[in-house]
Amino acid sequence: MKHDRNLHPSSRQAGHGRPKRVMSVQQAVEWAFRVEHAQLELPEPPDPERGQGFGFGLEYVLMQRAALGCKIDGGQYKMGTYTHEDAEVIAATVAGIPDTLGGKRMAIRVAELARAGLTPDWMPGAVPRCVPVEMKRNRHGDHATTVVVGTERVLSRGKWRTVEVRACPVMFRPDARQIEGARRAYSEWYRALVWVRDGLIAGGTLREIDVTSITPKARPWVMM
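Let me begin by describing the structure that accompanies this report.

The rules we used
- Residues numbered from 1 in each chain as written.
- Predicted model: local features only at pLDDT ≥ 70, side-chain atom pairs only at ≥ 80, totals over all residues.
- Heavy atoms only, no water.
- Core = buried A, V, L, I, M, F, W, Y, C linked by side-chain atoms within 4.5 Å.
- Buried < 20%, exposed > 50% of the residue type's maximum accessible area, 1.4 Å probe, protein only.
- Helix = DSSP H or I, 4+ residues; strand = E, 2+ residues; numbered from the N terminus.
- Contact = heavy atoms within 4.5 Å.
- Axes fitted to C-alpha atoms, helices over the stretch in contact; angles between N-to-C directions.
- Parallel < 35°, antiparallel > 145°, perpendicular 65-115°, else oblique.
- Nonpolar A, V, L, I, M, F, W, Y, C, P; charged D, E, K, R; others polar.
- Pairing = 2+ DSSP bridges.
- Salt bridge = Lys/Arg side-chain N within 4 Å of Asp/Glu carboxyl O.

**Regarding the nonpolar core**
V29, F33, I90, V94, I97, V110 and V196 are the most contacted members of the largest nonpolar core, which totals 37 residues. For this core, the secondary-structure elements that each account for two or more residues are α1 (25-35), α3 (85-95), α4 (103-116), α5 (176-203) and β9 (209-211). Counting residues per element, this core draws most heavily on α5, at 9 residues. With residues up to four places along the chain from it excluded, the contact list for V110 reads V29, V94, I97, W189, A192 and L193.

**What to know about the packing of α1 against α4**
As a packed pair, α1 and α4 sit with axes 7 Å apart at the nearest point and diverge in direction by 75°. As far as their axial angle goes, α4 and α1 are roughly perpendicular. From α1, V29, E30, F33 and R34 reach across to α4, where they touch V110, A111, A114, R115 and A116. Among the residues making up the contact of α1 with α4, the classes are represented as 6 nonpolar, no polar and 3 charged.

**Here's the deal with the pairing of strand β6 (residues 147-156)**
Walk down a regular strand and you will see the side chains alternate between the two sheet faces. Relative to strand β7 (residues 159-167), β6 runs antiparallel, the two being bridged by 9 bridges. The residue bridging L155 from the neighbouring strand is W160, located in β7. Counting the residues between successive antiparallel strands, the hairpin from β6 to β7 contains 2 residues, one of them, R157, with a positive phi of roughly 55°.

**What to know about the pattern of salt bridges**
Side chains carrying opposite charge are able to pair once their charged atoms draw close together. This structure, assessed with the given rule, holds 6 salt bridges. A salt bridge links R166 to E164, with the nearest nitrogen and oxygen atoms 3.0 Å apart. When its relative accessible area of 44% is taken as the criterion, R166 is described as partly exposed. For E164, a relative accessible area of 52% corresponds to the exposed category. For E180, the salt bridge identified is with R184, shortest N-O distance 3.7 Å. Residue E180 and its partner R184 are both found in helix α5; the two are separated by 4 residues, about one turn of the helix. The exposure class assigned to R184 is partly exposed, which follows from its relative accessible area of 45%.

Below you can see the structure in the form of structure tokens.
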């Protein structure tokens, strides 16, 4: 789902008196991964002896921010091109999504959607509908496929005959579980995005980007 990413001027100032660019967290993440082509630096596999799991936590992200702030340029990931240091701070924050919000899997998901400029498909307007399991076409048009479910004896023109009893198999599409799964996945993405927003605002080390509190709707299907 595409959305509007127009930026608005801000009275806050970046370096050398330049106004900061105001972005929602979704706009900021898309700018970092889609425009600046920032890369995720994900955690190492867990160490069984130390009990480590995926997800950095905010402490790691703050340390990464401090390290990024000391760099002269941001060319760590792209050969021959510059990656804005704010974009790398945003990428480090995304990489820090904790296990409780999906960890590495969710970080990759957030980055992939940002690179494509998409919002997760929560199946707007979807309701389960009863439809034939299979359709077939002949010279008279499209018809639902039927199957034999039994036989009956009927009296026709003075004679008993055995006739087939046919029925049309149906299903509900989309399945209610599909709709629920799509909306659950959207909610998980939303919660991770809120965590990223809070981390970026709390860190306060973005030099040219001002991340607002604005987020996508938490449950957009409720207002339909």
